[in-house]
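# Remarks on the overall topology
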Amino acid sequence: MEAVSILAQQFNPDEKNNQAAIGAGFAYGLAAIGPGIGIGYVVGKAIEAMARQPEAAGMVRTTMFLGIAFTEALALIGFVVFILLKFA
Amino acid sequence: MSVLALDFPEISHLLVWPDIFPTFNKVALIGVFSVVATVVIFLLANRKDPMVAPTGVRNVAEVSVDFIEDDIVMQTIGRDGLGWTPFLVSIFFFVFFCNITEIIPTAQMPATARMAIPATMALVVWLVYNAVGIKHQGFFSYIKNSCFPPGVPFALYFLVAPIEFVSTFIVRPFSLAIRLFANMLAGHLLLVTFAILTDALITANTAALKPLFVLPFFMLVFLTAFEILVSVLQAYIFTILTAVYIGGAAHPDH
């Protein structure tokens, strides 16, 4: 953690919101882990379901999109935090 | 130590546009264009003969209405929700046209990348599904069914009820607005990043860097195509979530 601050200080010694930039980077980076796993799981299960029962593919696909939207929203809230820290 | 850095423009240069006339800027112009485009499509489709096989604009309009009816309304609300089709078609087309201007060459700004349009639409959807719930179930019964879902052991209601209340009345409009806004903002920033990187490599002082511009250029092309998918998908997600919320308010626990 300290190494990141020292590196940022080296590259940008006059910037007074270095810490905001570091925090912003951590915010989105950590926020993207959970939904990445979650969406992968949802889509994987949907593919399995569509392979087991091809006639249900339409309904499975609709529900898959809904599930993706819900989990992706969490990653996007992290992205909004990144934007707020970096640019406001 | 010397660092080769990219001169990224300020965020206000990417998202804040000057006024064309007071209180009206390019983002508002794109919003007006989206409304006009939707209305024009369906007005032109209406002039065609309904008795022959549909072609051209009428075909587009009929395919869209069938898509919303079969894949969105029937799947989420059921047969008695077909009266909601015009509302959902309007939402879908408005959000789609606001999103697709992200890649249209003279505009290249998704109107939904500013929070005004997503926030207002989320507010409208919130008012609509609460009004539907109150009308179908009565005010106190609607709140009771939303916060205390049946089938939960009694002692758990102390935990479940606040969570359900926050989830149904507060998180839903926020997540609708933020999902649409952040997706479009992220796409816009990605396109800007790769475009600026391509330009910086083409006009680089070091000759060794110049041929590298093909890499971000291919990313730019690929991302433009990907943004078409994201535009359609986000419009579809907004519409189907609206239908799900209306269905949940009209038919509790079905």
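About the thresholds
Residues numbered from 1 in each chain as written. Chains lettered and ligands numbered in written order. Predicted model: local features only at pLDDT ≥ 70, side-chain atom pairs only at ≥ 80, totals over all residues. Helix = DSSP H or I, 4+ residues; strand = E, 2+ residues; numbered from the N terminus. Rg over C-alpha atoms; globule rule 2.2 N^0.38 Å. Buried ≥ 20, exposed ≤ 12 C-beta atoms within 10 Å, placed from the backbone. Contact = placed C-beta atoms within 7 Å. pLDDT = per-residue confidence, 0-100. Core = buried A, V, L, I, M, F, W, Y, C linked by C-beta atoms within 7 Å. Axes fitted to C-alpha atoms, helices over the stretch in contact; angles between N-to-C directions. Parallel < 35°, antiparallel > 145°, perpendicular 65-115°, else oblique. Nonpolar A, V, L, I, M, F, W, Y, C, P; charged D, E, K, R; others polar. Left-handed = near helix turned anticlockwise from the far one by under 90°.

Counting secondary structure elements, chain A contains four helices and zero strands. Overall, chain A shows an N-to-C arrangement of helices and strands of α-α-α-α. In terms of overall size, chain A is more extended than a compact globule, its C-alpha atoms giving a radius of gyration of 19 Å where 88 residues would be expected to give roughly 12 Å. The burial tally for chain A puts 14% of its 88 residues in the buried class.

Let us look at the overall build of chain B. The helix and strand tally for chain B stands at eight helices and two strands. The C-alpha radius of gyration computed for chain B amounts to 23 Å, which surpasses the reference 18 Å derived for 254 residues by more than 25%, pointing to a less compact arrangement than a globule. Referenced to the eigenvectors of the C-alpha coordinate spread, the extents of chain B come out at roughly 70 × 60 × 40 Å. A total of 254 residues make up chain B; the buried ones form 31% of that total. When contacts within chain B are restricted to residue pairs at least 6 apart in sequence, long-range pairs at least 24 apart make up 66% of them.

Our focus in this paragraph is unusual backbone geometry. Residue and element names in this part refer to chain B. Although it is not a glycine, Thr23 adopts a positive phi angle of roughly 70°. Structurally, Thr23 is set in the loop between β1 (19-21) and β2 (24-25). On the neighbour-count criterion, Thr23 (7 C-beta atoms within 10 Å) is exposed.

In many reports, interface size means the accessible area that the parts give up when they come together. Each side of the interface is counted separately: chain A has 13 residues, and chain B has 14 residues. Top element by residues in the side of chain A that touches chain B is helix α4 (residues 57-87) of chain A. It accounts for twelve residues.

Before going further, it helps to examine the confidence of the model for chain A. On average, residues of chain A score 87 in pLDDT, and 99% of them reach the 70 mark or higher. Model confidence for chain A, summarised as mean pLDDT per element, is weakest for helix α1 (residues 2-11) of chain A at 80 and strongest for helix α3 (residues 33-52) of chain A at 95.

This brings us to the nonpolar core. Inside soluble globular proteins, nonpolar side chains tend to come together where they are buried. Judged by nonpolar contacts, the single largest core of 53 residues is most densely connected at Leu88, Phe92, Val95, Phe181, Phe238 and Ile246 of chain B. Among the elements of the structure, α2 (18-31) and α4 of chain A together with α2 (26-46), α3 (56-76), α4 (85-100), α5 (116-137), α7 (157-202) and α8 (214-250) of chain B are those that each provide at least two residues to this core. Ranked by the residues each element gives to this core, the list is headed by α4 of chain B, at eleven residues. Residues within four places of Leu88 of chain B in sequence aside, it is in contact with Ile68, Ile72, Val73, Thr239, Thr242 and Ala243 of chain B.

Residue and element names in this part refer to chain B. Axis separation between α7 and α8 bottoms out at 10 Å; the angle between their running directions is 175°. By the angle between their directions, the pair α7 and α8 is classed as roughly antiparallel. Classifying every residue of the contact of α7 with α8 gives 19 nonpolar, five polar and three charged.

Okay, the environment of Ile178 of chain B next. Relative to the elements of secondary structure, Ile178 of chain B occurs in helix α7. Note: C-alpha distance between Ile178 of chain B and Val73 of chain B (105 residues apart in sequence) is 23 Å. Excluding anything up to four places from it in sequence, Ile178 of chain B contacts Ala73, Leu76, Ile77 and Val80 of chain A.

Bringing the confidence of the model for chain B into the picture now. Residue and element names in this part refer to chain B. On average, residues of chain B score 89 in pLDDT, and 98% of them reach the 70 mark or higher. In the model of chain B, helix α1 (residues 11-15) stands out as the element of lowest mean pLDDT, 83, in contrast to α4, which has the highest, 95. Among the scores for the predicted complex, ipTM is 0.80 and pTM is 0.89.

Attention now goes to the environment of Gly78 of chain B. Position of Gly78 of chain B relative to the elements: it lies in the loop between α3 and α4. C-alpha separation for the pair Gly78 of chain B and Phe148 of chain B, spaced 70 residues apart in sequence, amounts to 24 Å.

Right, let's talk about the packing of α2 of chain B against α3 of chain B for a bit. All names here are of chain B. One way to put it is that α2 packs onto α3 with a least axis distance of 8 Å and a crossing angle of 115°. Considered as vectors, α2 and α3 are oriented roughly perpendicular to each other. The two elements α2 and α3 meet at a crossing, and its hand is left-handed. Of the residues in α3, those touching α2 at Ile41, Phe42, Leu44 and Ala45 are Val57, Arg58, Val60 and Ala61.

This part takes up the environment of Ile170 of chain B. Residues and elements named next belong to chain B. Its location among the elements puts Ile170 in helix α7. The exposed category is assigned to Ile170, around which 11 C-beta atoms lie within 10 Å. Taking the C-alpha atoms as reference points, Ile170 and Leu233, 63 residues apart in sequence, are found 24 Å from one another.

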